[in-house]
Amino acid sequence: MAPPPNTYSESWWGGKEERGTPVVVKMDNPYSLVEIDGPGMAVPSEKARGKNAKQLTWVLLLRAHRAVGCVAWLAAGFWAVLGAVNRRVRRSRDADAEPDAEASGRGRAMLRFLRGFLLLSLAMLAFETVAHLKGWHFPRSAAGLPEKYLRRLPEHLQHLPEHLRRHLPEHLRMPEKEEIEGWLHRAYVAWLAFRIDYIAWAIQKLSGFCIALFMVQSVDRLVLCLGCFWIKLRGIKPVADTSISNDDIEATAGDGGGYFPMVLIQMPMCNEKEVYETSISHVCQIDWPRERMLVQVLDDSDDETCQMLIKAEVTKWSQRGVNIIYRHRLNRTGYKAGNLKSAMSCDYVRDYEFVAIFDADFQPNPDFLKLTVPHFKGNPELGLVQARWSFVNKDENLLTRLQNINLCFHFEVEQQVNGVYLSFFGFNGTAGVWRIKALEDSGGWMERTTVEDMDIAVRAHLNGWKFIFLNDVKVLCELPESYQAYRKQQHRWHSGPMQLFRLCLPAVFKSKISTWKKANLVMLFFLLRKLILPFYSFTLFCVILPLTMFVPEAELPIWVICYVPVIMSVLNILPAPKSFPFVIPYLLFENTMSVTKFNAMVSGLFQLGSSYEWVVTKKAGRTSSESDILALAEAADADARPPPAKLHRGVSEGGLKEWAKLHKEQEDATAAAAAAAAAPGTPVKKSKAAKAPNRIFKKELALAFLLLTAATRSLLSAQGLHFYFLLFQGVTFLAVGLDLIGEQVS
């Protein structure tokens, strides 16, 4: 009789260790198992040892059941995700599918390129997978040198040209001679020869060019950071002239003396129903002598209800003693530039020396003019004083957090360093004070581009005017909370500079500024930061990197796709240290945005139809919700003048009447529709609640599947960090393409 199996074995240190999994089986219920495990369990008896075969069977069944359940759960989850994506796509409305976009064919060329690229990658992936399954894959190893490897080549590959054999990977496992007879392998060998001779060379040249641009841009970013560090270390910042002369006292008699020149405040807006009230109330409470300040509300709205609400708000503040006027254009020609140009043509503007500009979502503090205007005193060459933006909704969602990182670097580093060392930077279009003489001397507002703020800044710089950036003066505003709004904004911000570059290049060379300033304007301001950055970011990380997965002879080094981008992301995030946990999402999201920026750059450079598109950025207006309006309207005293030190938000009686009238009309229309449906002889239909369709973005989705396909290909060759980068970048493109980042605004 054979001895029972031993459940203990000698361990390497001489003791005994348990082996096997004891199980107690309850026979009253054959599907009820109790698994007992632990080092302190007693040694089973002779009777129990005889049941080890049955116990082993139950253990295998139990674990097989668990494995099947786990696989089924994973499969169900994967299928649910695919179903959700399918339903989302079926209900979707592509963000690029506006009628004018379809008519002009905007963006269709890039989408066709990405689709073709994706289909080609899928075909190559299938081909490589078949080769992998047949044993033609090449596991990575560092053994052997190319010369040694060439001596080990089989005889049937001696016919290959020398340059092809030298480009073959050193760890290549070549098939045997009898395998050559298959047509699939002959095709595979032909593909190897073709990609080494033609494709790899082109990819290497293009990737080398993009890497050179990448390094130049990284050096520029590093120099800017060092300049910002030096400014912080030495405490360098502009200082205003606070001395009071006799002329100032005479000019401001009755205002307590001081420097109070005539200031015009302009507020361009268009259909800004969500934020108009908050912005107007903040501007009207700026602490400045009332008789030396005029507020122009420049309304381009085509919504009659919005026009009446804004007009009522202007009337309310006019009754409180504020010098404020309402202007409305019948034709929105030239967008914001045309609006500002029309306002500057008024006869009374000649009485004012400076003009401050605020967009509809900006909320300046009462001391804004007292902190900015004094810098003009005793500095006749100063044309612009720009304040920094601050954001009321920077922590609203992941999208606003990532935008905050970008804009903090833009203001803290780029604007501040250029302002201190060059006295020039791009005007941000709002939260700035211009000397009116500088505007007139530079040709005024022009409607030739969609970046009128950058246009006037460049022309003023070419005419010798200097700029000052005040990093410690902040003005609250809103960030776009939906990806659709942010995408439209970035398209305008990256297509407009390319339009301007084409138009102002001759004027740059003809200007009288120094050669160094001309070189900075052309090479750094336009080419490096507006053209090269979106070009290499899209080409290197969205085109070349996926290609190298299928053409391993042109592999990108790890430092290009990992180390240097992470270092640059850390430098970008330094001005916003609280956002440091988002450094990886920031890196992935910036690469995702490269498709939009590259498309915008190309459309602006070649004057395509979408380059002249102007879409007003959608605002959330969280500080002026309907509940806030009603609560403030009940508590506000219409005749009381609010103190300048305390901001007050309210709405006029006329505004409340218009708002109530709008809701009454909606209720009447709903009631009429219900009565018509319930009329005799009319079949009553059960209407479902209208659901806003989800948006998808086809370019981002195409790139998502392309990167995920390349990640799958990288698994065949176990390329490590390349696989993880492609996987996470592809998932990021997928999330953005399905509009899963930020708020969804229909």
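Where an unreviewed UniProt entry is consulted, the chain appears under the name Glycosyltransferase 2-like domain-containing protein, with the organism given as Oryza glaberrima. Under the heading Function (unreviewed entry), UniProt records this for the chain: "Probable beta-1,4-glucan synthase rather involved in the synthesis of the xyloglucan backbone than cellulose. Seems to work simultaneously with xyloglucan 6-xylosyltransferase. Xyloglucan is a noncellulosic polysaccharides of plant cell wall and consists of a glucan backbone substituted by xylose, galactose and fucose."

A word on the environment of Phe525. Along the polypeptide, Phe525 turns up in helix α17 (residues 515–550). Along the chain, Phe525 and Phe425 lie 100 residues apart, while their C-alpha atoms are 8.5 Å from each other. Phe525 has contacts with Phe424, Gly426, Met454, Val458, Asn520 and Lys530, leaving out every residue within four places of it along the chain.

One recurring pattern in soluble globular proteins: nonpolar side chains tend to sit buried together. Ile265, Ile280, Leu369, Trp434 and Val458 are the most contacted members of the largest nonpolar core, which has 87 residues in total. With 60 residues, the next largest nonpolar core counts Met124, Leu213, Phe538 and Leu547 among its residues.

Moving on, we get to the packing of α17 against helix α19 (residues 583–605). Interhelical geometry of α17 versus α19 gives an angle of 130° and a closest axis separation of 8 Å. In terms of orientation, α17 lies oblique with respect to α19. In the crossing of α17 with α19, the sense of the turn from one axis to the other is left-handed. Where α17 abuts α19, its residues Lys530, Leu531, Pro534, Phe535, Ser537, Phe538, Phe541 and Cys542 lie against Glu590, Asn591, Ser594, Val595, Lys597, Phe598, Met601 and Leu605.

Quick look at the packing of aromatic side chains now. Counted according to the given criterion, the structure contains 24 aromatic pairs. Ring centres of Phe411 and Phe469 lie 6.1 Å apart, and the angle between their planes is 10°; on these two criteria the pair is classed as stacked. You can see Phe411 sitting in helix α13 (residues 398–421) and its partner Phe469 sitting in strand β11 (residues 466–477), a full 58 residues away along the chain. Comparing Phe411 with Phe469 shows no difference in burial state: the two are buried. Cluster of aromatic residues (ring-pair linked, three or more members): Phe362, Trp389, Phe411, Phe424, Phe425, Phe427, Trp434, Phe467, Phe469, Phe501, Phe525 and Phe526. Taking the ring centre of Phe525 as reference, the NZ or CZ of Lys530 above it sits at 4.4 Å.

How each quantity is defined
Residues numbered from 1 in each chain as written. Predicted model: local features only at pLDDT ≥ 70, side-chain atom pairs only at ≥ 80, totals over all residues. Heavy atoms only, no water. UniProt positions renumbered as here; feature names shortened; annotations may be inferred. Helix = DSSP H or I, 4+ residues; strand = E, 2+ residues; numbered from the N terminus. Contact = heavy atoms within 4.5 Å. Core = buried A, V, L, I, M, F, W, Y, C linked by side-chain atoms within 4.5 Å. Buried < 20%, exposed > 50% of the residue type's maximum accessible area, 1.4 Å probe, protein only. Axes fitted to C-alpha atoms, helices over the stretch in contact; angles between N-to-C directions. Parallel < 35°, antiparallel > 145°, perpendicular 65-115°, else oblique. Left-handed = near helix turned anticlockwise from the far one by under 90°. Phe/Tyr/Trp six-rings, centres within 6.5 Å; stacked < 30°, edge-to-face > 60°. Lys NZ or Arg CZ within 6 Å of the ring centre and 35° of its normal.

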